[in-house]
Amino acid sequence: MFWYAHRMNRRDGIMALLAVTGILVLLAFAGSALAGNGQAAPNPAPAAPTAACIEGWVHDALDIGLPGWTITAYPAGDPASSQIRTSDSLGYFQFDGLAAGDWVFTITVQPGWAPYPGTQTTLTVTLVDGMTCNGIRGLEDLRFKMQQGTPTPTPTWTPGPPATRLRGYVYQLTCNGMTPVRNVRLDAWRSNTADTLDSIVQTRLTDASGFYNFYLPTAPPPFYHIIVTPPAGLEPFQATSLEGIVVAPNHIRIDAPGFLVYEDNIFILRDPNLRCGTDTPTPTPTATPTDTPTPPNGCIEGYKVDDLHVGLPGWEIHAVPDGSEEPHLVRTTDGTGYFRFDDLTPGVWRLWEIMRPGWEPVTDEMFTVTVRGSLTCAQVRFKNRQLPPTPTPTDTPTPTPTPTETVPPPPNPLYFPRVFRPGGVCEIGRLQTIVWGHFYSFPIREDGLVRYVRPLPWQFPTVFRVVNYEGPTEWTQYKPFYVKQHGGYEFTYPGGRPGADFRLFLRTDCGVIVIETSVDDPTPTPVPGTPTPTPTPPKLR
C-alpha cells in the first residue's frame, strides 16, 4: 500500500508538471503577439485615400485671364463644407486636398460682368482619388468665361457696338534682354492719306506689363497710325507689327482698317548710351600706372541689296572671328536691307550671307573685315540678283500608236501623276508659343521682321509649335547655346540659362522666321502693385 500510494503521488506530480508546462507554452505564444511594452502590436494602418486636385481658369471673351474672381467649391448636398479660392493674375485657380465624389463649383459674378452666352456659372464635377493639378490648360479643367455687361434674363445675346482695337506692347532693350516699360504714352492718329497725320483720336499709357489697347468705336478712316513717345532717357529702336506697316521705329500704320482687332503692334525702346559686354568706365581717373588699355569694341554694319540697289529684307548675315568659330553671330536684314553687328572685339572678322534659291551673288558671298575699336563701324555691302526664270520645256506630243497584239510599252514618265503642295499653307501657317500665360501666334511666311516675345522662363521648358503647315522644317537655336533640329513641327527650349539672350530661327518652304528674346532673370526686380507670376509651365492646345 505504501508503494502504491507512493507511485500514485509520483504520477500526480508528473501530470501537474505537464499541466504547468502547457500553460507556459500557451503564454509564450500569446507573448509573441504582444509588443515590447506589453500592448498588442498594431496592424499596419491602411493607406489613406489619395486626395484629388482640380484646377481651372477665369477668362473673358478674348481668352484673357481675369484676376481676383471668387470661386466656391462644396460637396454635392453639403454647401456648409465650402471652400473658397481667388483667381490669380492669369485667371488661374486650384482646389487641392478634395475628397473623391461629386463637387459643385460656382463663381461669383462681379458687378458689370455677365456669363458669356452659352456658359454656366455653376459646374458639378465627379472627382476621383489621385487627380492632380499641373497649371497647364487642359480639356478637363474648369472654365468660367465672362463678358462685360449687365446680365439679362433673356438667352439672346446682343453684340456691342462695333469698334477697331489696336493693341500691343512697349519693351526696352537691355543687356539682359527685353523688359516691359510702364506709363509710356502712345497716340492713335487718323488720316486720309498714308503720309499725313490729321488728328489724334485717342491717347493711352502702357500698364505694368507694357501693354496698351486702343478702343475706337467710330467709323474707321482710310489709315490709323500708332505713334509712341519714349520717356526721358530712351529712344525708339525698332517696331514690329503682324498686320500693320512699320513706317519708323516709333510709327506703325494700319492701312484700310476695319472693325477688327489688330494685335502685337510692338515698339522697342533703348537707352542711346546702351553698351553691352564692356565694363562701365570709372568716372574718376586713377593715378595708378596700368598696362596698355584694351581698345574699345567696334562694330560692322552694311546693307544687303539687289542689282538695282534696292534693299533686301529678311536675309541672314553671319559673322565669326577669323580663325575661330565662336562667337557665331547672326543678324537678319531689316526692311531696308540694313544689318549691324555691335560690341565686336577688335581684329579680323569673317562675314558671309546665306544664299537663297533663285538668287546669285554679284559681290563676294564672304568678306574679311578688320574691326577697330572706334565709334566708326566697318562697312560691308552684299549685292545679289535674281536668276532668270527657267523656261518650262514643252512636251512633244507622242503620236498615238497603232494597236497591235504586242504588249504596250510602259507609260511615258512625263505622264506620271505629280504631287503638288496644297495651296495657301504659307498664308495660314503659324508659329505659336505661350510665355508666362501670354499666347503668341506668328505667320510663318517670311516678311523680314524679327518677332519678339516675353522673356522665357528658366524654371521649365518652353515649346514652340508650327500649325496649319505641312512640309520640311529646320529649327536652329543660336543663343543661349547652339542647337539644330532637322524636321519636326515642335521645338522645345529646355529652360535654364537665366538672364541669357535667346535667338531661334525656323526655316520652312515659306521662308525664315526669327524669334528673339531673353531668359528670365531668377531674381527680377518686382514692380509695386503687380503679382509675381506663378511658375507653372504653359501648354499649347
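Here the structure is a predicted model, which is why all the values come from computation and not from measurement.

Quick look at the overall build of the protein chain now. Check the secondary structure of the protein chain and you find 2 helices and 35 strands. When each of the 541 residues of the protein chain is scored for burial, the buried share is 34%. The long-range fraction of contacts in the protein chain, counting pairs at least 24 apart against all pairs at least 6 apart in sequence, stands at 64%.

With the rule as written, the count across this model stands at 22 aromatic pairs. Pairing Y212 with F214 gives two aromatic rings, centres 5.8 Å apart and planes at 65 degrees, and the pair type is edge-to-face. Taking the relative accessible area as the measure of exposure, Y212 reaches 1% and is therefore buried. Of the residues examined, F214 reaches a relative accessible area of 0% and is grouped as buried. Of the aromatic side chains, those joined through ring pairs into one cluster are F93, F95, F105 and F144. Above the face of the Y116 ring, K145 is positioned so that its terminal group lies 4.1 Å from the ring centre.

When pLDDT is averaged along the protein chain, the result is 79, and 73% of the positions lie at 70 or above. Here residues 1–8 is a poorly scored stretch, pLDDT under 50, and it has 0 contacts once near neighbours within four places are set aside; other chains count.

On to unusual backbone geometry, then. Between E326 and P327 the backbone carries a cis peptide bond, its omega angle lying at -5 degrees. Position of P327 relative to the elements: it lies in the loop between β20 (316–321) and β21 (329–332). In this model, K479 is joined to P480 through a cis peptide bond whose omega is 5 degrees. In this model, D63 sits at a positive phi of 65 degrees, which is unusual for a non-glycine residue.

A few words now on the pattern of salt bridges. Applying the stated rule across the entire model yields 14 salt bridges. In this structure, D96 engages R85 in a salt bridge whose closest nitrogen and oxygen atoms are separated by 3.9 Å. Linking D96 in strand β4 (residues 92–98) with R85 in strand β3 (residues 83–86), this pair joins segments that are 11 residues apart in sequence. Residue E316 is joined to R507 by a salt bridge in which the shortest nitrogen-to-oxygen separation is 2.3 Å. Taken together, the residues span a long stretch of sequence, with E316 in strand β20 and R507 in strand β34 (residues 501–508) at a distance of 191 residues.

On to the sheet that holds strand β2 (residues 70–75), then. On the basis of which strands lie adjacent, the open sheet formed by 4 strands has the order β3-β2-β5-β7 and antiparallel pairing. Two strands in the sheet have a free side with no partner beyond their single neighbour: β3 and β7 (122–127). Along the sheet, successive strands turn relative to each other by an average axial angle of 25 degrees, direction set aside. As paired elements, β2 and strand β5 (residues 101–107) share 5 bridges and run antiparallel to each other.

One open sheet holds the 4 strands; their spatial order is β4-β1-β8-β6, and the pairing between them is mixed. Sheet topology places β4 and β6 (113–115) at the edges, where each strand pairs with a single neighbour. Sheet twist, expressed as the mean angle between neighbouring strand axes with direction ignored, is 25 degrees.

In terms of nonpolar packing, the biggest core is built from 34 residues, with L431, F464, W475 and I515 touching the most fellow members. With 4 residues, β34 is the single largest residue contributor to this core. Judged by nonpolar contacts, the second largest core, of 20 residues, contains I71, A73, W103 and L142.

What follows is about the environment of G138. Within the secondary structure, G138 sits in the loop between β7 and β8 (142–148). G138 gets classed as buried once you look at its relative accessible area, which sits at 6%.

As for its placement among the helices and strands, V246 is situated in strand β16 (residues 245–248). Through-space distance from the C-alpha of V246 to that of L449 is 9.8 Å; in sequence the pair is 203 residues apart. Excluding residues within four positions of it along the chain, V246 makes contact with A239, T240, S241 and H251.

Next up on the list: the state of the cysteines. For the structure on display, the rule yields 2 disulfides. Between C53 and C133 runs a disulfide, and the two sulfur atoms are separated by 2.0 Å. Every disulfide takes its handedness from the sign of the S-S torsion; for C53 and C133 that torsion is -110 degrees, giving left-handed. Separated by 80 residues along the polypeptide, C53 in strand β1 (residues 52–59) and C133 in the loop between β7 and β8 bring together distant segments of the chain.

Our focus in this paragraph is the pairing of β1. Consecutive residues of a regular strand have side chains that alternate between opposite faces of the sheet. Buried residues dominate β1, accounting for 8 of its 8 residues. Going residue by residue along β1, you find A52, I54, G56 and V58 tucked away on one face and C53, E55, W57 and H59 tucked away on the opposite face as well. In this sheet, β4 lies alongside β1 in antiparallel orientation, the contact comprising 5 bridges. Bridge assignment links A52 to a residue of β4, and that residue is L98. Of the pairings in the sheet, the one linking β1 to β8 comprises 4 bridges and is parallel in character. Each residue of the ladder has a partner; that of V58, found in β8, is F144.

The rules we used
Note that residues are indexed from 1 along each chain, following the sequence as it is written. Local features in this predicted model are restricted to residues whose pLDDT is 70 or higher, and side-chain atom pairs enter the listing and the counts only when it is 80 or higher, whereas totals over whole chains, interfaces and linings include all residues. Excluding hydrogens and water, the side-chain values take into account all heavy atoms of the structure. A run of DSSP states H or I qualifies as a helix once it reaches four residues; a run of E qualifies as a strand once it reaches two. Both are numbered from the N-terminal end. The buried label applies to any residue whose accessible area, calculated with a 1.4 Å probe on protein chains only, is under 20% of its type's maximum; exposed applies above 50%, and partly exposed to all values in between. Two residues qualify as a contact provided that any one of their heavy atoms is within 4.5 Å of a heavy atom in the partner residue. Side-chain rings of Phe, Tyr and Trp, where Trp is taken by its six-membered ring, are said to pair if the distance between their centres is within 6.5 Å; with planes under 30 degrees apart they count as stacked, over 60 as edge-to-face, and otherwise as tilted. To sit over a ring, a charge needs its Lys NZ or Arg CZ within 6 Å of the ring centre and within 35 degrees of the ring normal. Scored from 0 to 100, pLDDT records how confident the predictor is in each individual residue. A pairing counts as a salt bridge when a side-chain nitrogen of Lys or Arg comes within 4 Å of a carboxyl oxygen of Asp or Glu. Pairing between strands is defined by DSSP: at least two bridges between the two strands are required. The angle between two axes is taken between their N-to-C directions and runs from 0 to 180 degrees, where each axis is a line fitted to C-alpha atoms and a helix contributes only its stretch in contact. Remark: nonpolar core denotes a set of buried residues (Ala, Val, Leu, Ile, Met, Phe, Trp, Tyr, Cys) joined through side-chain atoms within 4.5 Å. Defined by distance alone, a disulfide is two cysteine sulfur atoms within 2.5 Å.

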